[in-house]
Amino acid sequence: MTSANPEKIPFPESESGSISERAQSARSASYLEALNPEQHEAATTLDGPLLVLAGAGTGKTRVLTTRIAHILTTRRAYPSQILAVTFTNKAAREMKTRVGKLIGGVAEGMPWLGTFHSIGAKILRRHAELVGLKSDFTILDTDDQIRLLKQVLAAENIDDKRWPARQLAWLIDNWKNRGQTPKNVTSGDGFTFANGHGFELYKLYQSRLKALNAVDFGDLLLEMIRLFQENPDILADYQGRFKYTLVDEYQDTNVAQYLWLRLLAQPKSDTDGAAQPKNICCVGDDDQSIYGWRGAEVENILRFDQDFPGAKVIRLEQNYRSTSHILQAASHLITHNEGRLGKTLHSVGDDGERVAVRHVWDGEEEARSVGEDIEQLQRQQHNLDEIAILVRASFQMREFEDRFAKLGLPYRVIGGPRFYERKEIRDALAYLKVIASPANDLAFERIFNVPRRGLGDATLKTVHSLARANTMPLFEAARTLVDTEELNTRARNALGNLMASFTRWQSLMDTATHTELAEIVLDESGYTEMWKKDRAADAPGRLENLKELVRSMADFENLTGFLEHISLVMDAQENGDEAEKVNLMTLHASKGLEFDTVFLPGWEEGVFPHQRTLDDSGRAGLEEERRLAYVGLTRARLLAKISFAHNRRIHALWQSSVPSRFLDELPAAHVEIEESQGTYGGGAGGGFATSRFDQNASAFSGNHDTPGWQRAQRHSQQTRNAVRPRGPRQIEGKIVARDTGTDGSAFLGKRVFHQKFGYGKVTSADGDKLTVEFEKAGTKRVLASFVEQH
């Protein structure tokens, strides 16, 4: 007979906790199985400060996401107690997705996974009143910021042309990146703008932001730092809220981001007064710190163990991307930097091919040889999407874009527009198009007030009205308005100066070369000066692009031939809809990407390392340039090819180039010297073949069987036919008559009405131009087409 009250069977003593807790802890940690020993250690070391030095291609994102998954799975923290900071929204989304794949949808409950700015905005909206804002504050974009700064400059009677608002915006952004409020800016820094008014303008700008209940992107961090510094109780709340802090790409943090993280990661004291280290994990690579020009401080990662005493450093050195030869070449190169923590990468793959180094005669041969290599890879069924050309500066792209257009080779520019689609290039071309063809309305309208010359929308509208009424080009309508009083004095004078400039430039077509003409136009129009005064980070690059445009014109007989070439190139770009395309980008834009084959052109002193960086930053700049070279090499999985030219044409003058110092810092055992296949100086035969300066020689006179060679030969013939021989230049679409065609004599003695000047009486007529005695405006000269008889 069984007992009515059977004895309960207890759980084994070794098991503790609730059923749900034991069920969760029994979950398989399969997400750890794919990690190598160093990755495993980085993902599972959860106590105290940790720096993960993750070399290129070593799986840092896997470590970060696995670490988050491990914290959540082991119940060390709830999702809301983890602060995970990235630099881009794309990286934040990827991190959240990968965590979700590892352990399920729990990652969706992580409200503090995002970028520095998104997290800053969230905290500020919660405590807006404490920094003088309301919770519904507006975040200004760059255009709105510039507009507000213009208002500040106008209020202080500071000439916006001499001291551009964009320059002030750049200066203020730098101060905010360094964590400097107006009261912290030194007198020396403030003196750099408007003869010492920089500090006051910064202060006025911040006051205007508060009045508008607005912030700019720099304030999202700067105001948050101030919030924590002035409100210790709120800082303590967030310090207690976040049990774990994770930071991606720590080598790219600026001073403000560093200060914010330091505040949150300050060790808290326990009941005995002893400091308890924070659980902060920063992942980065000091060898890939390449954004110093926008405020990044490599020193932040170099002094991590000083900022967080007792920090553990784990090096991820097993590379899963590149072959051994590529990896060893890059690793040896970067050892020449003194400011680094050091690590030794090794590849899990085979040796692969050595890094190829090729010497070419000039930039044209460089582009041609790269094009031939790519077509050779095409024949071997190489995917074009897995080929990249990484240049130091955007002006280097022009020759490759021209070459690919000739070959019909599809390509895409990553991180920016194509060369001929860039704003500064389109503006410069618009000037040249108007000189060659005054009837080109689109070109004339584009540069009508660029750079700004006091010709606003109202003036342009008047020009359009006259052009439509008399079926004439905008250029001729503008010239006609100069001789009348339809416009106010300021606008008429500005328009008169512009039209006089075009008349002078058109006259130079018969006496100056087209390259000289382009330089004159860019200088006299004020366009070059406009970019020289612009202190935006991309302004120097735009100036380099303009120089490259002028340089490229020397390859053509005249202006007409050059402009027709541009039309053919642009047409080829617009019609290229192939699925596979070669990738063309700057080295900075390539960070985080990888390709099977990478071409690295332009390894010459002054180009790479870039002279401006050396001049501005000295040794620190050189080390950043070397890190950029390291980044470029480690983008390649299977094949890396470096090239340098014997000559470069700068400002239409040929200059001998000096090979980049980085070439001699590569290890000979991992480098293969390629024999140049060029037909210019320094070829395999050691002599000079047909010169490209021979007017009767064709650049495509050789016999090659690469794909697209026949297309190139046909295109070359078409281009030569299109370029007219040098001789008397003609202005296409030249305006024959300046008269609008309206006979003004019919208005003599009549009472007329003018939209601007009102009623008046016509006292004389000269063709289509009338002299009118207006009842209120006095005597004016106007066009007959602008009056109505009453």
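Scroll up to find the structure this text is about.
Just so you know, these numbers come straight off a predicted model, no measurement behind them.

## Focus on the packing of aromatic side chains
Turning to step 1, where the next piece is worked out: Throughout the structure, instances matching the rule amount to 27 aromatic pairs.
Turning to step 2, where the next piece is worked out: Arranged with centres 6.2 Å apart and planes meeting at 85 degrees, the rings of Trp-112 and Tyr-238 form a pair that is edge-to-face. Taken together, the positions of Trp-112 in the loop between α4 (89-103) and β3 (113-115) and Tyr-238 in helix α11 (residues 232-241) put the pair 126 residues apart, joining distant regions of the chain. Here Trp-112 and Tyr-238 have matching classes, each one buried.
Turning to step 3, where the next piece is worked out: Both rings, one in Tyr-238 and one in Phe-242, keep their centres 6.0 Å apart while their planes meet at 35 degrees; by these two values the pair is tilted.
Turning to step 4, where the next piece is worked out: Judged by relative accessible area, Phe-242 falls into the buried class, the value being 3%.
Turning to step 5, where the next piece is worked out: The structure contains a cluster of three or more aromatic residues connected by ring pairs, namely Tyr-431, Phe-444, Phe-448, Phe-475, Phe-502 and Trp-505.

## Brief notes about the pattern of salt bridges
Turning to step 1, where the next piece is worked out: In the structure shown here, the tally under the stated rule is 52 salt bridges.
Turning to step 2, where the next piece is worked out: Residue Glu-41 pairs with Lys-312 through a salt bridge whose shortest N-O separation is 2.7 Å. In this pair, Glu-41 sits in helix α2 (residues 37-44) while Lys-312 sits in strand β10 (residues 312-316), placing the two residues 271 residues apart along the sequence.
Turning to step 3, where the next piece is worked out: Judged by relative accessible area, which is 32%, Glu-41 ranks as partly exposed.

## Considering the sheet that holds strand β22 (residues 751-754)
Turning to step 1, where the next piece is worked out: Pairing within the open sheet is antiparallel, and its 5 strands lie in the order β25-β24-β23-β22-β26. Looking at strand neighbours, the two that pair on one side only are β25 (778-783) and β26 (787-789), the edges of this open sheet. Along the sheet, successive strands turn relative to each other by an average axial angle of 45 degrees, direction set aside.
Turning to step 2, where the next piece is worked out: Where β22 lies against β26, 3 bridges are found, and the strand directions are antiparallel. Directly across from Phe-753, in β26, lies its bridge partner Glu-788.

## A closer look at the packing of α2 against helix α3 (residues 60-73)
Turning to step 1, where the next piece is worked out: Closest axis-to-axis distance for the α2/α3 pair is 8 Å, and the angle between their directions is 45 degrees. Classified by the angle their axes make, α2 and α3 are oblique. Every pair of crossing elements has a handedness; the one defined by α2 and α3 is right-handed. Contact residues: α2 offers Gln-39, Ala-42, Ala-43 and Thr-44, while α3 offers Arg-62, Val-63, Thr-66, Arg-67 and His-70.
Turning to step 2, where the next piece is worked out: Split by residue class, the contact of α2 with α3 holds 3 nonpolar, 4 polar and 2 charged.

## Some details on the sheet that holds strand β15 (residues 411-413)
Hydrogen bonds between backbone groups are what pair the strands of a sheet, and the pairing can be parallel or antiparallel.
Turning to step 1, where the next piece is worked out: Judged by pairing direction, the sheet is parallel, and its 7 strands sit side by side in the order β15-β16-β14-β17-β18-β13-β21 without closing on themselves. Only two strands of the sheet have a single partner each, and these edge strands are β15 and β21 (671-674). Averaged over all pairs of adjacent strands, the angle between strand axes in this sheet comes to 25 degrees, irrespective of strand direction.
Turning to step 2, where the next piece is worked out: In the packing of helix α16 (residues 363-379) onto the sheet, the strands contacted are β13 (355-360), β14 (387-391), β16 (582-586), β17 (595-600) and β18 (636-645), and the crossing angle to β13 comes to about 140 degrees.
Turning to step 3, where the next piece is worked out: Relative to the sheet, helix α17 (residues 397-407) contacts β14, β15 and β16, its axis offset from that of β16 by approximately 165 degrees.

Reading guide: rules and limits
- Residues numbered from 1 in each chain as written.
- Predicted model: local features only at pLDDT ≥ 70, side-chain atom pairs only at ≥ 80, totals over all residues.
- Heavy atoms only, no water.
- Phe/Tyr/Trp six-rings, centres within 6.5 Å; stacked < 30°, edge-to-face > 60°.
- Helix = DSSP H or I, 4+ residues; strand = E, 2+ residues; numbered from the N terminus.
- Buried < 20%, exposed > 50% of the residue type's maximum accessible area, 1.4 Å probe, protein only.
- Salt bridge = Lys/Arg side-chain N within 4 Å of Asp/Glu carboxyl O.
- Pairing = 2+ DSSP bridges.
- Axes fitted to C-alpha atoms, helices over the stretch in contact; angles between N-to-C directions.
- Parallel < 35°, antiparallel > 145°, perpendicular 65-115°, else oblique.
- Left-handed = near helix turned anticlockwise from the far one by under 90°.
- Contact = heavy atoms within 4.5 Å.
- Nonpolar A, V, L, I, M, F, W, Y, C, P; charged D, E, K, R; others polar.

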